[in-house]
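Tertiary structure, described
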Amino acid sequence: MTAIEQLDGRPGLTANQWKLVVTAAFGTMFELWDQYLIAFVLAFVIRPWGLSFGITAFILLASGIGSIFGGLVWGYVADRWGRKSTFAVTFVVFSLCSLALAFTPEGNWIWLVVFRMLLGFGTGGFFVPIALVQETVPAALRGRAIGIVSATTSAGLLLGALCGAFVVPAIGWRLTFVVGALPAFYAALVWFTIAESPRWAALNGKVELARKSLAWVLGRPVTDVDLQRLTAGVQAPPSYRELLRYPRSIVTGVVVNLAHVTGYYGLVLWSPTLIAQVQGVGPAAAAQIMIGFTGCGIVARLIMSVLSDRFGRKVTGGTGTLLAAAFLLVAGFTAQGQLLPAGFFWLPLLIGFIGADSSQMVLGLYTSEIWPSKVRGVGSGLCFAASGVGKITGPLGLGLIAGSANIILPQATRNAAIPAFAYLAFWFAIVSAAFFFLGIETRGRTLEQIEAQLDGAAPATRIAAAK
């Protein structure tokens, strides 16, 4: 049995694989924290600076625009120079941008837009640690490993909320952005404590690095990995043109990411205000209800990670988004007292939110799995760029349907609930159909077996290791 086969056939994770999963989990949490921090800081500067709704919306959307370009660039970098190094560099980029935000000249919203866009560019490499984990854990446990990473990312939003509630009032918004720059030190932890993807190293002719990485992952001495049995073909530099060889992956990846994020981002923007209106509670109580929703979503992501390894990505992803589509429609009618009394609005909304949030875990897992290792970075980057577009189309579509004067940050109204939730349900239904009818199943299969199916050939033999 080769070392790669030993890696994929293990019934559990080694200590170093756990270290990698935990490192990736906290890394993605910090990325989301810095990305959401601006939403809570803005509340302290909008009135003193006299910012209009349009300018505020532009500041908020700037990071989404940056993430589109970040996805495309960091995907190339990850395939060209490695997963671990790219993971570490993205931390430095978005952390320095957070530091730059601390020096924003008073009232200069353009400064905020520019560095928010650059910060979004840095967090556009969000998918890189996911790819690193996938290429390093056993095939049968990929879902559960990514589930842990995905569930932890939700804590980034909670960290942002805690900063808005306690840190900003205590030390001011400028020093809060300085705190947001602290993850730069996490880059050193990434660089010195985890190994590079052995698959990436082998595919790029870095045989010695591949041997050391395999030994680290398996918790074995380097001498136990026979260098003579590890062969690698040096790949050509990564190219987005190479993706054209995988049209099914392009269509599936772009459709599910664009459609899911359009629905999910709109749902997150729309829900708090409607909860307050329909349930007759204040904004603070509505926020607390949403925190409860988020907690349920974290649990649902962990459960879905186990189910995705048990029943497959297509079934779990398709069922989760179908659940979201169906119950968001019910929520829309319930908001106006139809189907169910308006007082029960929270119930179908919660079920729909759980379906949307849990299927997002499958989305992150599946997006990276449907590409061969040689183009996993650029392929995942293209899909993540599509999700950045969804962050724009979600609120824009809601704004047009609601007839809002501000189509970037639409004001949720009870009268517009049915068409608005129908719009969101439409996007989740598209994701469900894509999972069921477009995608390939990847559950329990090694990355080499998936690549063989995509290439229509025998599994690649470039990555082989000693018995």
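Structure: above.
Predicted, not measured: the structure shown is a model, and the values here were computed from it.

Cut-offs applied
Residues numbered from 1 in each chain as written. Predicted model: local features only at pLDDT ≥ 70, side-chain atom pairs only at ≥ 80, totals over all residues. Heavy atoms only, no water. Axes fitted to C-alpha atoms, helices over the stretch in contact; angles between N-to-C directions. Helix = DSSP H or I, 4+ residues; strand = E, 2+ residues; numbered from the N terminus. Parallel < 35°, antiparallel > 145°, perpendicular 65-115°, else oblique. Left-handed = near helix turned anticlockwise from the far one by under 90°. Contact = heavy atoms within 4.5 Å. Nonpolar A, V, L, I, M, F, W, Y, C, P; charged D, E, K, R; others polar. Patch = residues over 30% accessible without salt bridge, like charges linked within 9 Å, V, L, I, M, F, W, Y side chains within 5 Å. Areas by Shrake-Rupley, 256 points an atom, 1.4 Å probe, with all protein chains shown as cover. Salt bridge = Lys/Arg side-chain N within 4 Å of Asp/Glu carboxyl O. Buried < 20%, exposed > 50% of the residue type's maximum accessible area, 1.4 Å probe, protein only.

**Brief notes about the packing of helix H8 (residues 142-171) against helix H16 (residues 346-369)**
The geometry of H8 relative to H16 is characterised by a closest axis approach of 9 Å and an angle of 125 degrees between their N-to-C directions. Relative to H16, the element H8 lies oblique. In terms of crossing hand, the pair formed by H8 and H16 is right-handed. On H16, the residues that touch Arg-142, Gly-143, Ile-146, Gly-147 and Ser-150 of H8 are Met-361, Leu-365 and Glu-369. Looking at the contact of H8 with H16 residue by residue, the class counts come to 3 nonpolar, 3 polar and 2 charged.

**Quick notes on the packing of helix H13 (residues 247-279) against H16**
To characterise two packed helices, one gives the angle between the axes of the helices and the distance between these axes. Contact pair H13 / H16: the axes reach a minimum separation of 10 Å and the direction vectors enclose 155 degrees. Comparing the axis directions of H13 and H16 gives the class roughly antiparallel. Between H13 and H16 the crossing geometry is left-handed. On H16, the residues that touch Thr-252, Val-256, Asn-257, His-260, Tyr-264, Leu-267, Ser-271, Ile-275 and Gln-279 of H13 are Trp-346, Leu-349, Phe-353, Ala-356, Asp-357, Ser-359, Gln-360, Leu-363, Tyr-366 and Thr-367. For the contact of H13 with H16, the residue count by class is 10 nonpolar, 8 polar and 1 charged.

**Quick look at a nonpolar patch on the surface**
Residues Val-299, Ile-303, Leu-307, Phe-311, Val-315, Leu-322, Phe-436 and Phe-437 make up a contiguous nonpolar surface patch of about 760 Å² in total accessible area. Contributing elements (two or more residues each) for the nonpolar patch: helix H14 (283-311), helix H15 (313-335) and helix H18 (417-437). Sort the elements by how many residues they give to the nonpolar patch and H14 lands first, with 4 residues. Tracing the backbone shows Phe-311 in helix H14. According to the relative accessible area criterion, Phe-311 is partly exposed, its value standing at 47%.

It is worth stressing that arrangement in space is one thing and function is another; only the former is reported here.
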